[in-house]
Amino acid sequence: MNDIITTHRLTKYYGKQRIVDTLNLSIPEGSVYGLLGRNGAGKSTAIKMLLGMVRPDRGRAELYGEDVTTLRPESRARIAYMAEGHPLYTGMTIKQLVAFSAPFYETWNQDLVGQILDHFQLSRKKRIRHLSRGQRAQVALAIAVAPDPELLILDDPTLGLDTVVRRDFLESLIQIIQRKGRTILFSSHVLGDVERVADRIGVMVAGVLRVDCPTEHFKKSLRKVVLEFTGEPPATPSLEGLVGARQVGSTLEVVIAGYNGVHREALDGLNPTHLEEVELNLEDAFIEYTRGEKKPLPIFYREEGE
Amino acid sequence: MWWAIVRKELREIAPIGLLAVAVHLVFVSGLMGIKLVTNLPFRGFFLNVPQGTQGIPFVHQDFAWGFTIVTIVFAIVLAFRQAAWEDIKGTYLFLFHRPMARTHIFLAKILTGIGFYVVCSFVPIVVYGWWAATPGNHPGPFEWSMTWGSIRILFTIVLLYLGILVTYILPARWLGTRILPLVAVGCLAMAIAPTPLLWPLSLSIIIILASLLITTICHIATNRDYA
């Protein structure tokens, strides 16, 4: 499968702080890629570099094999972008915003815009400034998909939306995805959203892409092991792939990436009274993986079957 | 695509232009001896306007000072609305993702801004000139060529407008670096505006400087970050 998005050692500094650090990313055609990370992890900056809104200090990014810093308007027309917070012209009505956007695209589908606006029950006469945050997201989605883009890049599209609106928004997004084999890259804080939509994830920690694999692979790679002791738990042994360890009373919780027999043997060697292996959902896996600031994190880049 | 940008810009800057024209007209009405402003805010500014022209229209400084002040403020607000406002609201991210070269988008913005500024700023010159040209309104002589001085001010302030645009879009961290282009343009404008150069020469200088500034703006707009 062709890679639609590729980055090569993409790096960005703001002042002396490295916001995105040597990002190497390849997103194949037709995949739905969820980019995760805590606040300030560099997700938005990475996305802005992908779209040529921010210039990298080092490295390069390509969309459809074209350097994004010199992306031709015809190529840009194939890409939809929803920026974080849905910045739209607040003085315009929805109708005016649609009328403003349409002339830029040869493939503009006015019927589709109408369908989406009707689905969300949005009056065309309403000014953007009078819309709720959720309604703005819906308008932004309608405008983003109207030109029938092949690639959608969505920067935290559900940020600030309440649960119901978020669910409705995501279901519309899923319908749009299912309609054609589009490639989607989206960043999010809401792990449930990512789990529902993405077939592949990347996790950025302090500007570095630490995870790049199928969603299921990530969940299976991380295992929490709960060990119970009669008294004070012993010190955590040095284990390859150790993500974190936490002591709660007489219980020791250990999170390990790439858990295997060697790990089990080492933990058995601590002589716990009880040992339980717990599978993590995406949210727990993400929290365990990104918790803490300075711990050395294992990197698993290459996944099986690709 | 160009028209879409032009329409958007006009929609956004129309209220500013209408306000500027209104202020101009209130000022000019004072010169024409029509009292409109006794209860308006800032009436001190307007009440200082001689009620009725004290000399020859456009030649004596009864028109030029008020026209210059209002036009400069108009240029500052106009440039702010066109450049800084999009930055503050984050709408550059929306605008620059439209499939059109960033240079062309900014060129459409600038040309719309200049055109709109020129049209709005011509209104008081035309109204006051028309009044001055009508026999019986004032005792002095009048020729339309007497308006050249004001027209020169009008076009010189185009440079100031462009300088302000540069200041707003320049991603400089220090205030000094940011306002340096504006200071440079301001000095040039002050040198050009009152200098009684031949009109074609003044206009040529303005056009050359404006072209340089527009090129600079397009270069900055294309290469800066929109974080």
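Owing to the predicted nature of the structure, the values given are computational and were not obtained by experimental measurement. (Residues numbered from 1 in each chain as written. Chains lettered and ligands numbered in written order. Predicted model: local features only at pLDDT ≥ 70, side-chain atom pairs only at ≥ 80, totals over all residues. Heavy atoms only, no water.)

Trainee: Help me out: how do you make sense of the nonpolar core in this one?
Mentor: Generally speaking, soluble globular proteins have nonpolar side chains that are buried together. By size, the foremost hydrophobic cluster in this structure holds 159 residues, and its most contacted members are Phe-218 of chain A together with Leu-162 of chain B. Counting only domains with at least three residues in this core, you end up with domain 1 (3–206) and domain 2 (218–291) of chain A. By size, the runner-up hydrophobic cluster in this structure holds eleven residues, among which are Val-225, Leu-239, Ile-256 and Tyr-259 of chain A. (Core = buried A, V, L, I, M, F, W, Y, C linked by side-chain atoms within 4.5 Å. Buried < 20%, exposed > 50% of the residue type's maximum accessible area, 1.4 Å probe, protein only. Domains from an automatic or database assignment.)

Trainee: Help me out: how do you make sense of the packing of aromatic side chains in this one?
Mentor: Working definition: an aromatic ring pair is given by the centre-to-centre distance plus the angle between the planes. Overall, the coordinates contain 20 aromatic pairs over all chains when judged by the stated rule. Residues Phe-63 of chain B and Tyr-128 of chain B carry aromatic rings whose centres are separated by 5.1 Å and whose planes lie at 15 degrees to one another, so their mutual orientation is stacked. Placement of Phe-63 of chain B in the loop between helix H2 (43–47) and helix H3 (64–89) and of Tyr-128 of chain B in helix H5 (residues 102–133) is noted, with a sequence separation of 65 residues between them. According to the relative accessible area criterion, Phe-63 of chain B is buried, its value standing at 0%. On the basis of relative accessibility, which here comes to 0%, the residue Tyr-128 of chain B falls in the buried class. Each ring, one from Phe-142 of chain B and one from Trp-144 of chain B, has its centre 5.4 Å from the other, and the planes form 75 degrees; the classification is edge-to-face. Members of the aromatic cluster, each reached through a chain of ring pairs, are Tyr-89, Phe-100 and Phe-104 of chain A together with Phe-94 of chain B. Of note, Arg-78 of chain A hangs over the ring of Tyr-64 of chain A, and the distance from its end group to the ring centre comes to 3.9 Å. A cation over a ring is seen here: Arg-98 of chain B above Phe-94 of chain B, with NZ or CZ 3.9 Å from the ring centre. (Phe/Tyr/Trp six-rings, centres within 6.5 Å; stacked < 30°, edge-to-face > 60°. Helix = DSSP H or I, 4+ residues; strand = E, 2+ residues; numbered from the N terminus. Lys NZ or Arg CZ within 6 Å of the ring centre and 35° of its normal.)

Trainee: Honestly, empty space enclosed by the protein in this entry has me stumped. Any pointers?
Mentor: Tallying each qualifying case throughout the model produces one cavity of 30 Å³ or more. Roughly 160 Å³ of internal volume is contained in the largest cavity. Contributing to the lining of the largest cavity are 19 residues, with Tyr-81, Met-82 and Ala-140 of chain A together with Phe-94 and Arg-98 of chain B lying nearest its centre. For the lining of the largest cavity, the secondary structure elements donating two or more residues are strand S6 (79–82) and helix H5 (133–145) of chain A together with helix H4 (92–95) of chain B. A per-element tally of the lining of the largest cavity places S6 of chain A first, with four residues. Its residues assigned to classes, the lining of the largest cavity shows 16 nonpolar, two polar and one charged. (1 Å grid on protein atoms, 1.4 Å probe; cavity = no way out; pocket = protein on both sides within 12 Å on 5 of 7 lines; lining within 4 Å. Points joined across faces, edges and corners; volume = space filled by probe spheres on them. Nonpolar A, V, L, I, M, F, W, Y, C, P; charged D, E, K, R; others polar.)

Trainee: Would you mind showing me how to read the sheet that holds strand S2 (residues 17–28) of chain A here?
Mentor: Hydrogen bonds along the backbone pair up the strands of a sheet, which may run parallel or antiparallel. All names here are of chain A. In space, the four strands of this open sheet follow the order S2-S1-S4-S5, with antiparallel pairing throughout. Every other strand in the sheet has two partners, leaving S2 and strand S5 (66–67) as the edge strands with one partner each. Two elements, strand S1 (residues 3–14) and S2, share eight bridges in a ladder whose sense is antiparallel. When the sheet's bridge partners are listed, Tyr-14 is paired in S2 with Gln-17. Across the face of the sheet, helix H1 (residues 43–50) comes into contact with S1, S2 and strand S4 (58–63) while running at roughly 120 degrees to S1. (Pairing = 2+ DSSP bridges. Contact = heavy atoms within 4.5 Å. Axes fitted to C-alpha atoms, helices over the stretch in contact; angles between N-to-C directions.)

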